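A look at the structure
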Amino acid sequence: MNKYVKNPIEITAIQYQWDDENILMDEAQDKIAEFVNQDIELVDDVIYLNGVHGQVEVKQGEWVIKQNDNDFYPCSDEVFQQNYKAA
């Protein structure tokens, strides 16, 4: 059986997180909107982004990974911490 190694790829990401003391939910949502450079749709505290493959749902604590200028996808904090480290 052949073995493969995932190439290290530098990504750009931001976590959708707030704590109401240091950063408010509205501020966290504004940071995500600025990061993806688009208006975001909100339902309660869930953000909906328009990506290349349709609408993407991002919940509190998840990361938004920018694949290119027009495509974004969410990643749970657990998976993000396992697969990425600061560059």
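Structure's up top.
Reading the values: rules and limits
- Residues numbered from 1 in each chain as written.
- Predicted model: local features only at pLDDT ≥ 70, side-chain atom pairs only at ≥ 80, totals over all residues.
- Heavy atoms only, no water.
- Pairing = 2+ DSSP bridges.
- Helix = DSSP H or I, 4+ residues; strand = E, 2+ residues; numbered from the N terminus.
- Axes fitted to C-alpha atoms, helices over the stretch in contact; angles between N-to-C directions.
- Salt bridge = Lys/Arg side-chain N within 4 Å of Asp/Glu carboxyl O.
- Buried < 20%, exposed > 50% of the residue type's maximum accessible area, 1.4 Å probe, protein only.
- Contact = heavy atoms within 4.5 Å.

Next up on the list: the sheet that holds strand E2 (residues 41-43). Read from one edge to the other, the open sheet built from three strands follows the order E2-E3-E4, with strand pairing classed as antiparallel. Two strands lie at the open edges of the sheet, namely E2 and strand E4 (54-58), each paired on one side alone. Direction aside, the axes of adjacent strands within the sheet are offset by 30 degrees on average.

Using the criterion set out here, one finds one salt bridge in the structure. Across the pair Lys59 and Glu57 runs a salt bridge whose closest N-O atoms are separated by 3.5 Å. Classification of Glu57 by relative accessible area gives partly exposed; the value is 34%.

With that settled, consider the pairing of E4. Sheet analysis places strand E3 (residues 46-51) next to E4, joined by five bridges and oriented antiparallel. Note on E4: the bridge partner recorded for Tyr48 is Glu57. The antiparallel hairpin formed by E3 and E4 contains two residues in its connecting segment.

Within the fold, Thr12 resides in strand E1 (residues 12-15). C-alpha separation for the pair Thr12 and Ile65, spaced 53 residues apart in sequence, amounts to 6.0 Å. Among residues more than four places away in sequence, those in contact with Thr12 are Phe35, Val64, Ile65 and Lys66.

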